[in-house]
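Chain by chain, the residues:
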Amino acid sequence: MSSYKPNSLVSIEDKRTEVLQKLQELSAMEAVTNLLLMLFDEPERPENAVEYLREKMGNKRHSAEELVNLRTELAAAKIKICILEDEVNILREKLQSCELKGKLKDIPEQAVKTVTELDSTNVTNEIFDLNSS
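The model shown is predicted, which means the values in this text are computed figures rather than measured ones. (Residues numbered from 1 in each chain as written. Predicted model: local features only at pLDDT ≥ 70, side-chain atom pairs only at ≥ 80, totals over all residues. Heavy atoms only, no water.)

The helix and strand tally for the protein chain stands at five helices and zero strands. Ordered by position from the N terminus, the helices and strands of the protein chain form the series α-α-α-α-α. The 133 residues of the protein chain split such that 9% are buried. For the protein chain, the accessible area works out to roughly 11700 Å², and carbon and sulfur atoms hold 56% of it. (Helix = DSSP H or I, 4+ residues; strand = E, 2+ residues; numbered from the N terminus. Buried < 20%, exposed > 50% of the residue type's maximum accessible area, 1.4 Å probe, protein only. Areas by Shrake-Rupley, 256 points an atom, 1.4 Å probe, with all protein chains shown as cover.)

Per the stated rule, a full pass over the model turns up one salt bridge. Between R16 and E13 there is a salt bridge; the shortest N-O distance is 3.8 Å. With a gap of three residues between them, R16 and E13 both fall in helix α1 (residues 6–25), about one helical turn apart. (Salt bridge = Lys/Arg side-chain N within 4 Å of Asp/Glu carboxyl O.)

Turning to the packing of helix α2 (residues 28–41) against helix α3 (residues 49–56), a few remarks are in order. For any two helices packed against each other, the geometry is given by the interaxial angle and the distance between the axes. Closest axis-to-axis distance for the α2/α3 pair is 10 Å, and the angle between their directions is 120°. Put simply, α2 runs oblique to α3. The handedness of the crossing between α2 and α3 is right-handed. Where α2 abuts α3, its residues L35, L36, M38 and L39 lie against A49, Y52, L53 and K56. Taken together, the residues of the contact of α2 with α3 sort by class into seven nonpolar, no polar and one charged. (Axes fitted to C-alpha atoms, helices over the stretch in contact; angles between N-to-C directions. Parallel < 35°, antiparallel > 145°, perpendicular 65-115°, else oblique. Left-handed = near helix turned anticlockwise from the far one by under 90°. Contact = heavy atoms within 4.5 Å. Nonpolar A, V, L, I, M, F, W, Y, C, P; charged D, E, K, R; others polar.)

Quick look at a nonpolar patch on the surface now. There is a patch of nonpolar side chains on the surface, built from V19, L20, L23 and M29 and spanning about 300 Å² of accessible area. With respect to the helices, strands and loops of the structure, M29 is situated in helix α2. Classification of M29 as partly exposed rests on a relative accessible area of 39%. (Patch = residues over 30% accessible without salt bridge, like charges linked within 9 Å, V, L, I, M, F, W, Y side chains within 5 Å.)

Moving on: unusual backbone geometry. Glycine aside, residues mostly have negative phi angles, and peptide bonds mostly take the trans form. Phi at S27 is positive, roughly 60°, even though this residue is not glycine. Along the chain, the position of S27 falls in the loop between α1 and α2.

Turning our eyes to something else, we now look at α3. By the N-cap criterion, in which a side-chain oxygen at the helix start approaches the backbone nitrogen of a residue two or three places on, α3 is capped by N48, the distance to V50 being 3.1 Å. Immediately beyond the C-terminal end of α3, within one or two residues, lies G58, with a positive phi of roughly 85°. (Polar contact = N/O pair within 3.5 Å; in protein donor to acceptor, adjacent residues only side chain to side chain.)

This next bit is on helix α4 (residues 64–100). Helical geometry note: an α-helix holds 3.6 residues per turn, so side chains three or four residues apart project in the same direction. If you check α4, its first and last C-alpha atoms are 54 Å apart, about what 37 residues at 1.5 Å a residue would give, namely 54 Å. V88, L91 and C98 are the residues of α4 that are buried. (Expected span 1.5 Å × (residues − 1).)

A separate point is the confidence of the model for the protein chain. The pLDDT averaged across the protein chain works out to 75; a share of 67% of its residues lies at or above 70. Per-residue pLDDT, averaged within each element of the protein chain, yields its smallest value for helix α5 (residues 120–132) (51) and its largest for α4 (91). (pLDDT = per-residue confidence, 0-100.)

Below is the structure:
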């Protein structure tokens, strides 16, 4: 007995047509055509055409070594952010204690700069410069 079902073929054909229409609306067919033409125009054929197409589409797969380096950089950046956030909190506490003690009467405009515009060394130097004046 055959498993031929005319209704399922119709629905598959409808889905196929729908997908093709959506690809045309999004200009995906044109983009793929252009990528294939770029591949054809390459003077030297790449060893892996799929990887070439991925790279040209902006979906380059990084090597294991690159991924390890990126993860290491990310972890280092997160640690640095935590350290800087701690420094900002310490400096804010120092500033508040100075304000409460009445040491800061007039806050110069430069002291109002946001902490994100300054590195921690500059913030520390500015606070000490304010206290000495």
